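Structure at a glance
Here is how the chains run, residue by residue.
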Amino acid sequence: MAGINNRVKSTNDLELKDRLVAINRVTKVTKGGRTFSFSAIVVVGNEDGIVGWGLGKASEVTAAIAKGVEAAKKNLIKVPVLKGTIPHEQSAKFSGAQVFLKPASHGTGVKAGGAMRAVLESVGITDVLAKSKGSSNPHNLVKATLAALSEMRDASMVAQNRGISMEKVFKG
């Protein structure tokens, strides 16, 4: 599997920016009445190839976001970004959400919606064409997008895995 070795070990020297993907108000009914709490999906990234996501739950919105940011910092992955776009087409599925990512030429912008846009911008991708099929659930879209990004491989990674030079990868 290509996506296994791209975990980021240390977060100390990274400058991570967080993006709020979705907030959900959850109600728990008890005999004393309704209790409201909030869950927040947060994506963090340094806009230079490192991204992670987290889910925070708390009785206050700000506390839920803070918990989500802490959770996101614990599962960061490294994604190859070539000249502001992705190295190749990739699709992935998580639960009911299916995503398709396609590289785009410079100046195209991030053609993606909602949860996918937050993940792609956090990675630092500036030009990409993206399509989400199936479920539009933010949880599943974020996970499917990250699954697709974690399977990305650039030419140097392919050469390293095969144990050959970069020239041989392209002559193939």
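Above this text you will find the structure in question.
Everything numeric in this text was worked out from a predicted model, so none of it was measured. Residue numbers run consecutively from 1 along every chain, following the written order of its sequence. This being a predicted model, a pLDDT of at least 70 is required before a residue's local features are given, and a value of 80 or more before pairs of side-chain atoms are given or counted; all residues contribute to the totals for chains, interfaces and linings. For side-chain calculations, the full set of non-hydrogen atoms in the structure is used, while hydrogens and water are omitted.

**Overview of the overall build of the protein**
Tallying secondary structure elements over the protein gives 5 helices and 8 strands in all. Every helix listed is a DSSP run of H or I at least four residues long, and every strand listed is a run of E at least two residues long, numbered separately from the N terminus. Sequence-ordered secondary structure for the protein, helices as α and strands as β, is β-β-β-α-β-β-β-β-α-β-α-α-α. For the C-alpha atoms alone, the extent of the protein along its principal axes is close to 70 × 35 × 30 Å. Whether a residue is buried, partly exposed or exposed follows from its accessible area with a 1.4 Å probe, protein chains only, as a fraction of its type maximum: under 20%, in between, or over 50%, in that order. Here the protein, with 172 residues, has 36% of them falling under the buried criterion. Should any heavy atoms of two residues lie within 4.5 Å, those residues are counted as being in contact. Within the protein, contacts between residues separated by at least 24 positions form 57% of all contacts whose residues are at least 6 apart in sequence. Surface exposure of the protein reaches about 9,900 Å², of which carbon and sulfur atoms provide 50%. Counting 25 positive and 13 negative side-chain charges, the protein places the averaged centre of each group 10 Å from the other. For the area figures, the Shrake-Rupley method with a 1.4 Å probe applies, and any residue is considered shielded solely by the protein chains shown. For the purpose of counting charges, residues Lys and Arg are taken to be positive, whereas Asp and Glu are taken to be negative. His and the chain ends are not included. Where a charge lies is defined by one atom per residue type, namely NZ (Lys), CZ (Arg), CG (Asp) and CD (Glu).

**A look at the pattern of salt bridges**
A side chain of one charge can pair with a side chain of the opposite charge when the charged atoms of the two come close. Here a salt bridge means any side-chain nitrogen of Lys or Arg lying within 4 Å of a carboxyl oxygen belonging to Asp or Glu. Summed over all chains, the structure comprises 4 salt bridges. Residue Arg19 is joined to Glu47 by a salt bridge in which the shortest nitrogen-to-oxygen separation is 2.8 Å. Taken as a pair, Arg19 in strand E1 (residues 17–30) and Glu47 in the loop between strand E2 (33–45) and strand E3 (50–58) lie far apart in primary sequence, 28 residues in all.

**Considering the side chain of Thr85**
Relative to the elements of secondary structure, Thr85 occurs in the loop between strand E4 (76–78) and strand E5 (90–94). There is a polar contact of 2.6 Å between the side chain of Thr85 and the backbone oxygen of Asp127. Every residue in contact with Thr85, bar those within four places of it in the chain, is listed here: Pro80, Pro103, Ala104, Ile125, Asp127 and Val128. Definition of a polar contact: a pair of N or O atoms within 3.5 Å, with one able to donate and the other able to accept a hydrogen when the atoms are protein atoms, and with sequence-neighbouring residues admitted only if both atoms are side-chain atoms.

**Let's talk about the pairing of E1**
Strands are treated as partners if at least two bridges between them are detected by DSSP. Bridge count for E1 against E2 is 13 bridges, and the pairing is antiparallel. Looking at the pairing, Asp18 lines up with Val44 of E2.

**Considerations on unusual backbone geometry**
Not every positive phi belongs to a glycine, and Glu47 is a case in point at roughly 60°. In this model, Ser95 sits at a positive phi of 55°, which is unusual for a non-glycine residue. For Ser95, the location among the structural elements is in the loop between E5 and strand E6 (97–103).

**What about the nonpolar core?**
Note on soluble globular proteins: their nonpolar side chains tend to be buried together. Working definition of a nonpolar core: buried Ala, Val, Leu, Ile, Met, Phe, Trp, Tyr and Cys residues. They are joined through side-chain atoms within 4.5 Å. Formed by 29 residues in total, the largest nonpolar core has its most connected members in Val51, Leu101, Leu120, Val142 and Leu149. For this core, the secondary structure elements donating two or more residues are E2, E3, E6, helix H2 (114–123), strand E8 (128–134) and helix H3 (138–150). Among the elements that line this core, the one with the most residues is H3, at 6 residues. Apart from the residues lying within four places of it in its own chain, the contact partners of Val51 are Val43, Val44, Gly45, Asn75, Leu76, Ile77, Val79, Val119, Ser122, Val123 and Leu146. Within the second largest apolar cluster, 9 residues are counted, among which are Val44, Ile50, Ala58 and Val69.

In short, geometric facts, not functional conclusions.
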